[in-house]
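Reading the structure
Residues per chain are reported as follows:
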Amino acid sequence: MGKFSIVQYFREQWKTLPICSGDLGSKAVMVVGSNVGIGLEASVHFARMKPRSLFTTCRDEEKCERTLLMERAGDDGTGITSLLLDLSSFDSVRAFAATFTADARSDYGLNVLVANAGAFVQRYTRTDDDWEVMFQVNYLSMVLLSILMLPHLVKVSNSESPSRLVVVSSFGHHFGVGKLKSAAQWKAVLETINDKEFCNGADRYNVTKLLQVMFVRELASRLPSPTPVVACTVQPGFCRSNLFRGLDDKWYARTFVSLASMLFSARTPEQGSRALVHAAVGDDELVMHGRYLSSCQVTEEDDYIFTPEGKALSGRLWIETIDTLSKVDGRVPDIVKQYLRVD
């Protein structure tokens, strides 16, 4: 699906996704944003596969508890650890990475990182780090977390079982392309996207989803071969979830979301979570490397990504992102130098 197709959309929404199963007894899995929605449902699936360690995160300390997950998975919680992580704060991401590194269990590495947490905010809002909140949560902090966790993913990897980085994107990335068509004239990519006048909330959300796809492709191209980490983006389809909690609390906004869920055959969070689990533990992992998955299959990203303009923007985006995050955390340039091929 190089271009969005409404016919293909409904075909996929109506498709029954497989439920992955197996024994993860020797694996450590991390799910970011796991207290509600598809993140919670994916964590339940993972917990039932009895991983050595299951790390779950949420941004609210009061919600960082294991009870619901344990009840749903029929687990005693022995291997489950809930950690605080707020992607709207670089300090929180940095502290989270430091806490994980200091944990004795990190000595065994991390086999799977599912970067699921995301935000949709209708009104333009800046974080304390002075970035638009969706841009920071969905893209910048996701990249920062992925880079900081890369050494843990590489540590436990081997040629027969490479670790996996799963970034949860969206079919909405197709709709973000229009806002990037003039990118060749931009003085700075990140600053332009961060500007209030760049676009509205819905368009900015779609742009962040496109940036996620570009990041994974750039990362995959810089990992050594054979790759120690299989990196991919996955779209879970349109799901009934808490993603749109950022909409104004108006009756018409709630009504619109409810009607859209019915008209566009929204999946349940559990159904959508199967796509995440498949990307994390499914077979043929090397086929997934650097690719975009939809309905548990490798699918074409938007055609724009493969155009000369798209490739140029993707390269600029990588350079600006790494440069910006290197100023946020001094570990970033060291990790990039040690684990990735440098242009």
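Further up the page is the structure itself.
For the structure given in this document, a descriptive report is provided here. Since this is a predicted model, take the numbers as computed values, not measurements. (Residues numbered from 1 in each chain as written. Predicted model: local features only at pLDDT ≥ 70, side-chain atom pairs only at ≥ 80, totals over all residues. Heavy atoms only, no water.)

Remarks on the overall build of the chain
Helix and strand content of the chain: 12 helices and 8 strands. When contacts within the chain are restricted to residue pairs at least 6 apart in sequence, those whose partners lie at least 24 apart make up 79%. As displayed, the chain has an accessible area near 15100 Å², and 52% of this comes from carbon and sulfur atoms. (Helix = DSSP H or I, 4+ residues; strand = E, 2+ residues; numbered from the N terminus. Contact = heavy atoms within 4.5 Å. Areas by Shrake-Rupley, 256 points an atom, 1.4 Å probe, with all protein chains shown as cover.)

A short note on the pattern of salt bridges
Any two side chains of opposite charge can pair, given that their charged atoms come close. Overall, the coordinates contain 14 salt bridges when judged by the stated rule. Put simply, R316 and E320 hold a salt bridge, and the shortest N to O gap is 4.0 Å. Within this pair, R316 and its partner E320 are both found in helix α11 (residues 308–328), separated by 4 residues, close to a single helical turn. One connected set of salt bridges, linked through shared partners, spans D91, R94, D329 and R331. (Salt bridge = Lys/Arg side-chain N within 4 Å of Asp/Glu carboxyl O.)

Quick notes on the nonpolar core
L110 and Y139 are the most contacted members of the largest nonpolar core, which has 74 residues in total. Counting residues per element, this core draws most heavily on helix α5 (residues 133–155), at 15 residues. With residues up to four places along the chain from it excluded, the contact list for L110 reads A28, V29, M30, F55, F100, M149, H152, L153, V156 and S163. Residues V114, V230, A280 and L293 belong to the second largest nonpolar core, which totals 28 residues. (Core = buried A, V, L, I, M, F, W, Y, C linked by side-chain atoms within 4.5 Å. Buried < 20%, exposed > 50% of the residue type's maximum accessible area, 1.4 Å probe, protein only.)

Things to note about the environment of A97
Turning to its location among the elements, A97 is positioned in helix α4 (residues 90–102). Considered as a pair, A97 and L85 are 12 residues apart in the sequence and their alpha carbons are 9.4 Å apart. Ignoring any residue separated from it by four or fewer positions in sequence, one finds A97 in contact with L148 and R331.

Focus on the packing of helix α2 (residues 37–48) against helix α9 (residues 269–281)
Across the interface, α2 lies against α9 with an axial gap of 8 Å and an inter-helix angle of 55°. Between α2 and α9, the interaxial angle falls into the category oblique. For α2 against α9, the interelement crossing comes out right-handed. Residue-level contacts link G37, I38, E41, A42, H45 and F46 of α2 to P269, E270, G272, S273, R274, L276, V277, A280 and V281 of α9. Residues belonging to the contact of α2 with α9 are distributed by class as follows: 8 nonpolar, 4 polar and 3 charged. (Axes fitted to C-alpha atoms, helices over the stretch in contact; angles between N-to-C directions. Parallel < 35°, antiparallel > 145°, perpendicular 65-115°, else oblique. Left-handed = near helix turned anticlockwise from the far one by under 90°. Nonpolar A, V, L, I, M, F, W, Y, C, P; charged D, E, K, R; others polar.)

A word on the packing of aromatic side chains
All told, the structure shown has 6 aromatic pairs when counted by the stated rule. Taken together, a centroid distance of 5.6 Å and an interplanar angle of 70° make the contact between F120 and Y205 edge-to-face. A residue pair is termed long-range when its members are at least 10 positions apart, and F120 in the loop between β4 (112–115) and α5 and Y205 in helix α7 (residues 201–222) qualify at 85 residues. The class of Y205 is buried, set by a relative accessible area of 11%. The interplanar angle of 15° and the centroid separation of 6.0 Å between the aromatic rings of F215 and W318 together place this pair among those described as stacked. Remark: W318 occurs in helix α11 and F215 occurs in helix α7; sequence separation between them is 103 residues. With respect to class, F215 is no different from W318; both count as buried. These aromatic residues form a ring-pair network of at least three members: W131, F135 and Y139. (Phe/Tyr/Trp six-rings, centres within 6.5 Å; stacked < 30°, edge-to-face > 60°.)

Focus on α4
End to end, α4 covers 18 Å across 13 residues, agreeing with the expected 18 Å (1.5 Å per residue, within 8%). Buried-residue contacts for α4 involve β1 (28–32), β2 (53–58), β3 (80–84), α5, α11 and α12 (331–339). Regarding α4, its N-cap is S89, as a side-chain oxygen of that residue lies 3.3 Å from the backbone nitrogen of D91 further along. (Expected span 1.5 Å × (residues − 1). Polar contact = N/O pair within 3.5 Å; in protein donor to acceptor, adjacent residues only side chain to side chain.)

Section: the pairing of strand β5 (residues 163–168)
Taken across its 6 residues, β5 has 6 buried, putting it largely inside the fold. Burial along β5 is two-sided: the residues S163, L165 and V167 and R164, V166 and V168 are all buried. Pairing of β4 with β5, which is carried by 4 bridges, proceeds in the parallel orientation. In the sheet register, L113 faces β5, and the bridge partner there is L165. In this sheet, strand β6 (residues 229–235) lies alongside β5 in parallel orientation, the contact comprising 6 bridges. For V168, the partnering residue across the bridge sits in β6 and is V234. (Pairing = 2+ DSSP bridges.)

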